[in-house]
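A structural walkthrough
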Amino acid sequence: MKKSYLLGLSTMIGLSFVMAVQDASASSVALYRLYNPNSGEHFYTEDLGEKQLLIQEGWHDEGIGWQAPTTGDAVYRLYNEHVGDHHYTSDRGEYDYLIRLGWKGEGESFYSADQTQQNREPVYRAYNPNAQSGTHNFTISSTEQKTIVDLGWKDEGTAFYAVGKINSVDKESLQEQVSFGQQMDPEEYGADSLKAYQVVLKKAEAVLADQNATQAQVDASAKELSAAFEQLAKIGELKNLLRKVDELKAEDYGKRSFENFLATPELVKLRELITDPAVTNKQVTAASNAYTPAAKTAYDKVVYVGYLKALVAAQYAATDFKFGAEASYPTSLALLRKTIAGADDGTYSQAQVDAIVEIFATKTLPDLLNDNGLKKVPAKTDKPILYTTNEEGAENLPDSNN
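Let us look at the structure shown here. (Residues numbered from 1 in each chain as written. Predicted model: local features only at pLDDT ≥ 70, side-chain atom pairs only at ≥ 80, totals over all residues. Heavy atoms only, no water.)

So, on to the overall build of the protein chain. The helix and strand inventory of the protein chain stands at 14 helices and 11 strands. Partitioning the contacts of the protein chain with sequence separation of at least 6, the portion at a separation of at least 24 is 72%. (Helix = DSSP H or I, 4+ residues; strand = E, 2+ residues; numbered from the N terminus. Contact = heavy atoms within 4.5 Å.)

Below is the structure:
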């Protein structure tokens, strides 16, 4: 009980302080900190790809732990596969000793600022004697270190050194914007607008790395990058709208009505825009707003015949029919097929299709179970829903996760 209490409270404390990081300098790199809620372990890496992979696997993103130098004293990483724990040390003797004890040496992970680094800042190490995993915590926050020590952790002093603050410039907001920009999926944006954004992103990266940048320069860069993002043609939103349409099965609909739906001008416009490299965000917004009501109106007119085709395809035994109805089944089957043809050429409406289906399913076939406990009548499937109603009552296309 004591173990989980210490780990849990340490996590909350860590989250409170880990975001208060130093400014980046030209000779430093962000060291990301993550937390595993299942094992209680904190993990440290400067590899953005490794960070994103762990987040996908359920680790919690705790932001930037500190700025590590790009050169200096090596910090080694080890892994204990028996308890699922990582450890970090700049002491080569400790590294080799733990390997002899069965830990897996993972080599150099990042660097510790050496004595030549100006304004270096200590990274404190603490040990939890009650834990098997997540036994060590590393932090630049003296407040976090004191708090967990007061809770029972052992203070092990300074483990290594981070790059200290060069000036009082706050780059956190710019750092977040740059990190986001570096991870963006290019398939989600128009090509030309993305190129323009990436030019501004490169300038922001330079400001972020400039240890002599002023607060005014940082703020101006963040503002410029934000404005560039707003100008991005976010075609990913259009792709989400089209994805639901493309998931529809054409064979489940009357041919003519479905073709008319696909030819809806607003729908055609979306397909044009996602392939146009020069598309603008203004065009994307206008097309998206125009598409939803137009597509809803067009989709409401599409005749659904999926259930009707299932009735035709089903195999029936004599006992599946109401008394005396078996003899008329060939005539009924011909009517069902005629209805499908009528839906295809546009002479049958949805109401007519539904009426014929209702007659066949309720008046020709009994609502009984066969020997296997299954109905011969196929389970009814309603027309796929493309639209949901939000709280204000407006019709909208659901996103691709629905």
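All right, on to the pattern of salt bridges then. What the rule picks out here adds up to 15 salt bridges. Between Lys 51 and Asp 61 there is a salt bridge whose closest N-O contact spans 3.4 Å. With Lys 51 in helix H2 (residues 48-56) and Asp 61 in strand E3 (residues 60-69), this residue pair connects regions lying 10 residues apart in the sequence. Using a relative accessible area of 7% as the deciding quantity, one classes Lys 51 as buried. When its relative accessible area of 39% is taken as the criterion, Asp 61 is described as partly exposed. Residues joined by salt bridges that share partners form a network here, namely Arg 33, Glu 62 and Glu 144. (Salt bridge = Lys/Arg side-chain N within 4 Å of Asp/Glu carboxyl O. Buried < 20%, exposed > 50% of the residue type's maximum accessible area, 1.4 Å probe, protein only.)

Let us now look at a negative patch on the surface. A grouping of Asp 170, Glu 172, Glu 176 and Asp 219 is seen on the molecular surface, where their side chains present a negatively charged patch. Within the fold, Glu 172 resides in helix H5 (residues 172-183). Judged by relative accessible area, which is 33%, Glu 172 ranks as partly exposed. (Patch = residues over 30% accessible without salt bridge, like charges linked within 9 Å, V, L, I, M, F, W, Y side chains within 5 Å. Areas by Shrake-Rupley, 256 points an atom, 1.4 Å probe, with all protein chains shown as cover. Lys, Arg positive; Asp, Glu negative; His and termini not counted. Charge placed at Lys NZ, Arg CZ, Asp CG, Glu CD.)

When you line up the elements, Leu 98 lands in helix H3 (residues 92-100). In this structure Leu 98 comes out as buried when scored by relative accessible area, which is 12%. Taking the C-alpha atoms as reference points, Leu 98 and Leu 78, separated by 20 residues in sequence, lie 8.1 Å from one another. Setting aside residues no more than four positions away along its own chain, Leu 98 makes contact with Leu 78, His 87 and Trp 103.

So, on to the packing of H5 against helix H6 (residues 191-209). Here H5 crosses H6 at 135°, and the two axes come no closer than 10 Å. Considering the angle they form, H5 stands oblique to H6. Helix-helix and strand crossings are classified by hand; for H5 and H6 the assignment is left-handed. In contact with Leu 174, Gln 175, Gln 177, Val 178, Gly 181 and Gln 182 of H5, H6 contributes Tyr 197, Leu 201, Ala 204, Glu 205, Val 207 and Leu 208. Classifying every residue of the contact of H5 with H6 by side-chain character gives seven nonpolar, four polar and one charged. (Axes fitted to C-alpha atoms, helices over the stretch in contact; angles between N-to-C directions. Parallel < 35°, antiparallel > 145°, perpendicular 65-115°, else oblique. Left-handed = near helix turned anticlockwise from the far one by under 90°. Nonpolar A, V, L, I, M, F, W, Y, C, P; charged D, E, K, R; others polar.)

The subject of this paragraph is the pairing of strand E5 (residues 85-89). Within E5, five of the five residues are buried, leaving the element largely enclosed by the surrounding structure. Covered by surrounding structure in E5 are Asp 85, His 87 and Thr 89 together with His 86 and Tyr 88, the residues of both alternating faces. Pairing analysis gives five bridges linking strand E4 (residues 73-80) to E5, with the strands arranged antiparallel. Directly across from Leu 78, in E5, lies its bridge partner His 87. Connecting the antiparallel pair E4 and E5 is a turn made up of four residues, with Gly 84 showing a positive phi of about 70°. (Pairing = 2+ DSSP bridges.)

Here the focus is the environment of Ser 288. Take Ser 288: it is sitting in helix H11 (residues 281-300). Placed 21 residues apart in sequence, Ser 288 and Leu 267 show a C-alpha to C-alpha distance of 9.4 Å. Contacts of Ser 288, omitting those with residues within four sequence positions, involve Leu 238, Leu 241 and Leu 270.

Applying the stated rule across the entire model yields 20 aromatic pairs. For the ring pair Tyr 197 and Phe 229, a centre distance of 6.4 Å and an interplane angle of 65° mean the geometry is edge-to-face. Of this pair, Tyr 197 sits in helix H6 while Phe 229 sits in helix H7 (residues 215-230), placing them 32 residues apart in sequence. Accessibility expressed as a relative area gives 22% for Phe 229, which makes it partly exposed. An aromatic cluster is defined as three or more aromatic residues linked by ring pairs; in this entry it consists of Phe 43, Tyr 44, Trp 59, Trp 66, Tyr 88, Phe 110, Phe 138 and Phe 160. A cation over an aromatic ring shows up here: Lys 234 above the ring of Phe 229, its NZ or CZ 4.7 Å from the ring centre. One Lys or Arg, Lys 383, reaches over the ring of Tyr 299 and ends 4.4 Å from the middle of that ring. (Phe/Tyr/Trp six-rings, centres within 6.5 Å; stacked < 30°, edge-to-face > 60°. Lys NZ or Arg CZ within 6 Å of the ring centre and 35° of its normal.)

By the bridge criterion, six bridges tie strand E7 (residues 121-127) to strand E9 (residues 154-162) in an arrangement that is antiparallel. Each bridged residue has a counterpart across the sheet, and for Glu 121 the counterpart in E9 is Ala 162. As judged from the four bridges shared by E7 and strand E8 (residues 136-139), these two strands associate in the antiparallel manner. The residue of E8 that forms the bridge with Tyr 124 is Thr 139.

With 12 residues, H5 extends 17 Å between its outermost C-alpha atoms, agreeing within 8% with the 16 Å of an ideal straight helix rising 1.5 Å per residue. Where H5 is concerned, the buried positions are Leu 174, Gln 175, Val 178, Ser 179 and Gly 181. Each buried residue of H5 sits inside an arc of 165° when the element is viewed along its axis, so together they form one side. (Expected span 1.5 Å × (residues − 1). Arc of directions from axis to C-beta.)

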